[in-house]
Amino acid sequence: MAVFVALGAFLMTLAGGWTAQRVTDRRHLVLGLAGGLMLGVVGLDLLPEALEAAGGEVFGVPAALLLFVAGFLLAHLVERLLTGRRAGHGGNEHGHRAPEVGLTAAAAMVAHSAMDGIAIGAAFQVGESMGVAVALAVVAHDFADGFNTYTLASLYGNARRKALVMLAADAVAPVAGAASTLAFTIPEQWLGGYLGLFGGALLYLAAAEILPEAHHEHPARSTLLCTVAGAAFIWLVVGVAH
């Protein structure tokens, strides 16, 4: 049942990626929407789940929040290192952006989708009603995951083929994750820590890369509205799922 339900996440992920690539003539709106979706996913979905699952404190601070900050700093460090290495080799065809950053970010989205699938499987092990509730939340926000995966890969100058490969991997990941729970489960604390770390990295990409790029050439009110709409959409999804 968990694997069958995860097929819905597969289809929604592909739908999100297809939407992202079909509106290239409104790139600034796509990026604005992607930034809002990412902000909403981090603040309204990932971080609350991480705080609930990770538990415990480290020197007076919740472990999930420490990992959240670590994820933000790690994403910044990786981007600086890759960009510096590319500049050192004279690679400037994509300006200051290193394509490896986009692929790394998209790979993190794939890992997140696999964890979504594992969450579906684990929830069905608890009970069918729990499994259905978690599956609805995952399927609903996987449209945003597919949208963001394709956008992240293509934003950094990667070829369309590579972006599509990452999209396909992101679509398959929740099905594979759900299937893996037939053999094992992940401790809740580990899952919470991962969500905090990934949330910090995703927020960095949204705040430092996606949104500035969206407003660079087209600082239009419509771009800002798309960002607000993206965050509001995730709020709606989280509210319906709960």
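What counts and what doesn't
- Residues numbered from 1 in each chain as written.
- Predicted model: local features only at pLDDT ≥ 70, side-chain atom pairs only at ≥ 80, totals over all residues.
- Heavy atoms only, no water.
- Patch = residues over 30% accessible without salt bridge, like charges linked within 9 Å, V, L, I, M, F, W, Y side chains within 5 Å.
- Areas by Shrake-Rupley, 256 points an atom, 1.4 Å probe, with all protein chains shown as cover.
- Salt bridge = Lys/Arg side-chain N within 4 Å of Asp/Glu carboxyl O.
- Helix = DSSP H or I, 4+ residues; strand = E, 2+ residues; numbered from the N terminus.
- Buried < 20%, exposed > 50% of the residue type's maximum accessible area, 1.4 Å probe, protein only.
- Axes fitted to C-alpha atoms, helices over the stretch in contact; angles between N-to-C directions.
- Parallel < 35°, antiparallel > 145°, perpendicular 65-115°, else oblique.
- Left-handed = near helix turned anticlockwise from the far one by under 90°.
- Contact = heavy atoms within 4.5 Å.
- Nonpolar A, V, L, I, M, F, W, Y, C, P; charged D, E, K, R; others polar.
- Polar contact = N/O pair within 3.5 Å; in protein donor to acceptor, adjacent residues only side chain to side chain.
- Core = buried A, V, L, I, M, F, W, Y, C linked by side-chain atoms within 4.5 Å.

Colleague: So what about a nonpolar patch on the surface? Which residues, and what values?
Modeller: The grouping of Leu51, Val58, Phe59, Val61, Leu65 and Leu66 at the surface amounts to a nonpolar patch, some 550 Å² of accessible area in total. Assignment of secondary structure puts leucine 65 in helix H3 (residues 63-88). Leucine 65 sits in the partly exposed class, given a relative accessible area of 31%.

Colleague: Outline the packing of helix H1 (residues 2-22) against helix H6 (residues 160-180), supporting the account with residue identities and numerical values.
Modeller: Contact geometry of H1 with H6 gives a least axis separation of 7 Å together with a crossing angle of 160°. Judged on the interaxial angle alone, H6 and H1 are roughly antiparallel. The interaxial crossing formed by H1 with H6 has right-handed handedness. Between H1, through Ala2, Val3, Ala6, Leu7, Ala9, Phe10, Thr13, Leu14, Gly17, Trp18 and Gln21, and H6, the contact on the second element is made entirely by Arg160, Leu164, Leu167, Asp170, Ala171, Val172, Pro174, Val175, Ala178 and Ala179. Classifying every residue of the contact of H1 with H6 by side-chain character gives 16 nonpolar, 3 polar and 2 charged.

Colleague: Tell me about the side chain of threonine 13, and name the residues and values.
Modeller: Looking at the element boundaries, threonine 13 is found in helix H1. There is a polar contact of 2.8 Å between the side chain of threonine 13 and the backbone oxygen of alanine 9. Setting aside anything within four residues of it in sequence, one finds threonine 13 in contact with Asp142, Gly146, Leu167, Asp170 and Ala171.

Colleague: So what about the environment of leucine 205? Which residues, and what values?
Modeller: Position of leucine 205 relative to the elements: it lies in helix H7 (residues 188-216). Leaving out residues up to four positions away in the same chain, leucine 205 has contacts with Met38, Ala105, Leu152, Tyr156 and Ile210.

Colleague: So what's going on with the packing of helix H2 (residues 27-54) against H7? Residues and values would help.
Modeller: Relative to each other, H2 and H7 sit at 160°, their axes nearing to 8 Å. Classified by the angle their axes make, H2 and H7 are roughly antiparallel. Relative to H7, H2 is oriented so that their crossing is left-handed. A breakdown of the residues in the contact of H2 with H7 according to their chemical character gives 19 nonpolar, 8 polar and 4 charged.

Colleague: Go over the nonpolar core with me, naming the residues and quoting the values.
Modeller: Core analysis: the largest hydrophobic core is formed by 40 residues, its most contacted members being Met38, Leu46, Leu152, Leu202, Leu205 and Ile210. Looking at this core, the elements with two or more residues in it are H2, H3, helix H4 (99-126), helix H5 (128-155), H6, H7 and helix H8 (221-241). Looking at this core element by element, the count peaks at 11 residues for H2. Core analysis: the next-biggest nonpolar cluster, separate from the first, contains 10 residues, Ala6, Ala9, Phe124 and Ala135 among them.

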